[in-house]
Amino acid sequence: MLTGRLCWVPLLLALGVGSGSGGGDSGRRRLLAAKVNKHKPWIETSYHGVITENNDTVILDPPLVALDKDAPVPFAGEICAFKIHGQELPFEAVVLNKTSGEGRLRAKSPIDCELQKEYTFIIQAYDCGTGPRETAWKKSHKAVVHIQVKDVNEFAPTFKEPAYKAIVTEGKIYDSILQVEAIDEDCSPQYSQICNYEIVTTDVPFAIDRNGNVRNTEKLSYDKQHQYEILVTAYDCGQKPAAQDTLVQVDVKPVCKPGWQDWTKRIEYQPGSGSVPLFPSIHLETCDGAVSSIQITTELQTNYIGKGCDRETYSEKSLQKLCGASSGIIDLLPSPSAATNWTTGLLVDSSEMIFKFDGRQGAKIPDGVVPKNLTDQFTITMWMKHGPSPGVRAEKETILCNSDKTEMNRHHYALYVHNCRLVFLLRKDFDQADTFRPAEFHWKLDQICDKEWHYYVINVEFPVVTLYMDGATYEPYLVTNDWPIHPSHIAMQLTVGACWQGGEVTKPRFAQFFHGSLASLTIRPGKMDSQKVISCLQACKEGLDINSLESLGQGIKYHFNPSQSVLVMEGDDIGNINRALQKVSYINSRQFPTAGVRRLKVSSKVQCFGEDVCISIPDMDAYVMVLQAVEPQITLHGTDRFWRPAAQFESTRGVILFPDIKIVSTFAKAEAPSDLKTTAPKSAVLEEMLHNLDFCDILVLGGDLDPGQECLELNHSELHQRHLDATNSTAGYSIYGVGSMSRYEQVLRHIRYRNWRPAALESRRFRIKCSELNGRYTSNEFNLEVSVLHEVRVSDTEHVNHLIAQPPFLQSVHHPESQTSIQHSSVVPSIATVVIIISVCMLVFVVAMGVYRVRIAHQHFIQETEAAKEAEMDWDDSALTITVNPMEKHGAQGRGEEETEEEEEEEEAEEDLSSSSSESEGSDEEEEEGSGRGRHGQSGAKKAQLEWDDSTLPY
């Protein structure tokens, strides 16, 4: 090529190119140039290039070089430019060496692979033409340039979803529970593809493959865990992890099992809440089973609460009165006390008055408590809890027995358990019947030995005996006859828990002991209980209820047992059954219910449409938690000390002891602080509450009453109109019966104390204590002291200063009428009384001052008169003989001392009168009489000091 170019030089010289001759030179040059620049530049027909993103250098293959056959002719044989054809291409081509024709392709701006991965365009090379002025340039042919952008791993993988959720059924292994997917914004397959997924959360029974499929590695259990939450990350093929992990939530669904859904095991019951729904959102899951009808039995289990359920814990007498039973009931198992001491040694649960017999104890009931002749009509009632007797041939277990006290071992009547049979024995006396008569009545019931509480009533209307158990009637399955008992003079012994064996043994003792628990064992001679009273006495105060019976829906049948502890509902529509069960509620009508757990059991029976296999619904166990009720604080207050004249104690009405007694019950209620920002503890405030009482005892302190001279009295009409009863004894007065606090207040305000011989009595003290729920809540002990005001009598020879303020009890002696009126009102004086007392005191004060001034003037007059007489007479007493009587002198000295004391007391009279609390109108007369006696005493004293012997006086 170079050889060819050199051959042109002699030719150019021969033609005169390059000579500097005149104007013809330019023309010759043009001619020469046209002849020299004969060839176009030459480049390759195609190029392939690579550029890394964010870089400007393009590596071409082959390199960019342009050739021109006109070389080495200047300009014509040189390459001056490379031009790229295309719109808005980010590349440019530059000439590195014009002579060699080398060029470079570079980017004008940063190249982003994510925007465009490759470029294709046309490029041409241009020679320098004929001279430096870029004239007559020649261009090469068009070459195709294909450039590929090389990717950089600048983006991290991202997940398409921020979280994934799936639901699986327990007990299965899944090939794929769900698939997660991540993407990468890089442009190249190396960096834009996700090559791997990984679970970040450890210790989970799941795995993930390269395609993002999540599977479980073991069988899942709904009972073990309801839900799993795992974190998953992704890697691209450049091993760059995802910028943020994704959350995969897998919910474990239990295998569809027919049963009740959406109910809570614990239901809390606040006392006083009324009827509270047990399952407000419950519904039945049948798993698409075809159900034709369903029967639901809801059972409230309360056999471990009290005596089988939450009942009123009043005393048996109060309950009998509350239920309208006839009077005359005799409690054979009363609370231990001084009057009822035969139950002192027994095992007792004081909260419920339940007596437990362990087979070694019995109680003797004193003579006179129960009459010997029960007549042909009487009733025995009791609560009993009894289990199976040990051994095959068990011994008789006596509940109640009336047998011979000594010599013989005859049982006149008895109630006992033998081999889980209840037996009542009644032997008539020979004088009452002389023929073969029914004597033993047997009942065989499963409840006798089921270790549960049951209420038994035995109504005797001889020869018919009827048993009521839990309100239901049972006739004896066996009645045996026997001859009457022959009459004798042997005394009888009534016992509880065992039978007294007085004969046929060396030493009388108890036998046939009872094993179990008894409560409220009573006997009522001469009368029987009605069915209504029996139902009331054994009624539970808690049970199941249905809210809004009218909205139960059509086709729902329901039935309660008598105690409302079992509810049975039946229907053929699942929706109606669900709504019916949602309305079942628990109710407790007691103001102070027994706190604790009440178990619930819901059982279901399903019938299907003629299918051999029908779904089975498991039982549902729940419980009601009855919370503790607020405890009332019962407070008695009133006047605790006062005085009354002895005449009132002797009167027929006596003295009212508690005229202003007040009974108040309060409970502590927490009060939130007014300032919400403070963290101080809540303060407690007392809030008054209303409830009943069941007894109030008035006890006599300092010794029992003497029936011969004192007593406590209360009109029976006050009790009867308020439906209360009372017992009176020398130890005090006991008022009992379920009634409001206001009723008890009214009755207590009519209690009177009488004493026919109050002369030797200074005071009497009494104490009141009230109770609610048979001693569960008791009041404070209110003490009262009543003092006797004794009358003070003054003898005629004794002088009492009328100006000394008399204490209240002396005033009341002279005016019993006014004092009685005050006593019948209130101990606290009214405003009118205070005004009257102040007026009387002022009147007495004015009268006393007047008397005092009259006496002073009289004394001055006597002194002046005596002084005048002494001035007129000058006695010659030389021959005077004076005879003095010693007894009169002694008496005169005594009266002189009284006169001196009188003068001192007169100086203190004004102060005493101003401090007097009460004065009667009759005191004016007493003052006048007193002043008269004082003046008479003064003149008498002066007269007695001297006795003249005038037999020797000359006249």
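Look a little higher up for the structure.
Note that the structure is a prediction, hence the values are computed from the model and not measured.

Parameters at a glance
- Residues numbered from 1 in each chain as written.
- Predicted model: local features only at pLDDT ≥ 70, side-chain atom pairs only at ≥ 80, totals over all residues.
- Heavy atoms only, no water.
- Helix = DSSP H or I, 4+ residues; strand = E, 2+ residues; numbered from the N terminus.
- Buried < 20%, exposed > 50% of the residue type's maximum accessible area, 1.4 Å probe, protein only.
- Contact = heavy atoms within 4.5 Å.
- Pairing = 2+ DSSP bridges.
- Axes fitted to C-alpha atoms, helices over the stretch in contact; angles between N-to-C directions.
- Arc of directions from axis to C-beta.
- Polar contact = N/O pair within 3.5 Å; in protein donor to acceptor, adjacent residues only side chain to side chain.
- Core = buried A, V, L, I, M, F, W, Y, C linked by side-chain atoms within 4.5 Å.
- Phe/Tyr/Trp six-rings, centres within 6.5 Å; stacked < 30°, edge-to-face > 60°.
- Lys NZ or Arg CZ within 6 Å of the ring centre and 35° of its normal.
- Patch = residues over 30% accessible without salt bridge, like charges linked within 9 Å, V, L, I, M, F, W, Y side chains within 5 Å.
- Areas by Shrake-Rupley, 256 points an atom, 1.4 Å probe, with all protein chains shown as cover.
- Salt bridge = Lys/Arg side-chain N within 4 Å of Asp/Glu carboxyl O.
- Lys, Arg positive; Asp, Glu negative; His and termini not counted.
- Charge placed at Lys NZ, Arg CZ, Asp CG, Glu CD.

**Student:** When you look at the overall build of the protein in this model, what are you seeing that I'm missing?
**Tutor:** A count of helices and strands for the protein gives 15 helices and 57 strands. When the 955 residues of the protein are sorted by exposure, 40% land in the buried category. Excluding contacts between residues fewer than 6 apart, the proportion of contacts in the protein whose partners are at least 24 apart in sequence is 71%.

**Student:** What's the story with the sheet that holds strand β6 (residues 118–127) in this structure? I'm lost.
**Tutor:** Remark on secondary structure: sheet strands pair via backbone hydrogen bonds, oriented parallel or antiparallel. Taken together, the five strands give an open sheet; going across it, the order is β2-β1-β7-β6-β3, and neighbouring strands pair in mixed fashion. A single partner strand is all that each edge strand has here, and the edge strands are β2 (58–61) and β3 (79–85). Looking at each pair of strands side by side, their axes are set apart by 30° on average, direction ignored.

**Student:** Help me understand the sheet that holds strand β9 (residues 163–169) in this model?
**Tutor:** Read from one edge of the open sheet, four strands run β9-β16-β15-β12, paired in mixed fashion. With partners counted over all chains shown, the strands left at the sheet margins are β9 and β12 (194–199), one partner each. Across this sheet, the average inter-strand angle for adjacent strands is 25°, counted without regard to direction.

**Student:** Please explain helix α9 (residues 741–748) as it appears in this structure.
**Tutor:** Within an α-helix, residues lying three or four positions from one another point in the same direction, as the helix has 3.6 residues per turn. Regarding α9, the residues found buried are Met741, Tyr744, Glu745, Val747 and Leu748. The buried residues of α9 occupy an angular sector of 165° when projected down its axis, which confines them to one face.

**Student:** For this particular structure, what's the right way to read the environment of aspartate 573?
**Tutor:** If you trace the backbone, aspartate 573 turns up in the loop between β41 (566–571) and α6 (574–582). A distance of 3.1 Å separates a polar side-chain atom of aspartate 573 from the backbone nitrogen of glycine 575.

**Student:** I would appreciate a short explanation of the nonpolar core in the present structure.
**Tutor:** In globular proteins that are soluble, nonpolar side chains generally tend to be buried together. In this structure, Phe658, Leu712 and Ile735 are the most contacted members of the largest nonpolar core, which totals 56 residues. Grouped together as the second largest cluster of nonpolar side chains are 42 residues, Phe355, Leu374, Leu415 and Val496 included.

**Student:** Help me understand the packing of aromatic side chains, please; the structure alone is not making it clear to me.
**Tutor:** Aromatic rings considered in pairs are described by the distance between their centres and by the relative angle of their planes. Going through the model one piece at a time under the given rule, you end up with 17 aromatic pairs. With 6.3 Å between their ring centres and 50° between their planes, tyrosine 126 and tryptophan 137 make a pair best called tilted. A residue pair is termed long-range when its members are at least 10 positions apart, and tyrosine 126 in strand β6 and tryptophan 137 in the loop between β6 and β7 (143–150) qualify at 11 residues. The exposure class of tryptophan 137 is partly exposed, given its relative accessible area of 24%. Counting every residue linked through ring pairs, the aromatic cluster contains Phe91, Tyr119 and Phe121. Over the ring of tryptophan 500 we find lysine 364, and its NZ or CZ is 3.7 Å from the ring centre.

**Student:** Is there a simple way to think about a positive patch on the surface in this case?
**Tutor:** Residues Lys40, Lys83, Lys139 and Lys142 make up a contiguous surface patch of positive charge. Here lysine 40 is to be found in the loop between α2 (24–36) and β1 (46–52). Judged by relative accessible area, which is 59%, lysine 40 ranks as exposed.

**Student:** Teacher, can you tell me more about the side chain of threonine 495 here?
**Tutor:** Turning to its location among the elements, threonine 495 is positioned in strand β35 (residues 492–496). Under the relative-accessibility criterion, threonine 495 is labelled buried at 0%. Here alanine 498 takes part through its backbone oxygen, which lies 2.6 Å from a polar atom of the side chain of threonine 495. When residues no more than four places from it in sequence are discounted, the contact partners of threonine 495 are Ala363, Lys364, Ile399, Leu400, Cys401, Trp500 and Phe510.

**Student:** How should I be thinking about α6 in this particular structure?
**Tutor:** Buried within α6 are the following residues: Asn576, Ile577, Asn578, Ala580 and Leu581. Those residues of α6 that are buried are in contact with β17 (259–261), β20 (283–285), β21 (291–301), β41 and β42 (584–588). The N-cap of α6, judged by a side-chain oxygen 3.1 Å from the amide nitrogen of glycine 575 a few residues on, is aspartate 573.

**Student:** What should I look at first to understand unusual backbone geometry in this one?
**Tutor:** It is generally the case that most residues other than glycine have a negative phi and that most peptide bonds are trans. With omega at 0°, the peptide bond leading from aspartate 61 into proline 62 counts as cis. Omega for the peptide link from phenylalanine 462 to proline 463 comes to 10°, which places this bond in the cis form. Its location among the elements puts proline 463 in the loop between β31 (453–461) and β32 (464–469). The phi angle at asparagine 54 is positive, at roughly 70°, despite the residue not being glycine. Structurally, asparagine 54 is set in the loop between β1 and β2. Accessibility expressed as a relative area gives 53% for asparagine 54, which makes it exposed. Even without glycine at this site, glutamine 239 takes up a positive phi of about 65°. The residue glutamine 239 is located in the loop between β15 (227–236) and β16 (246–253) in this model. Look at glutamine 239 and you get exposed, because its relative accessible area is 52%.

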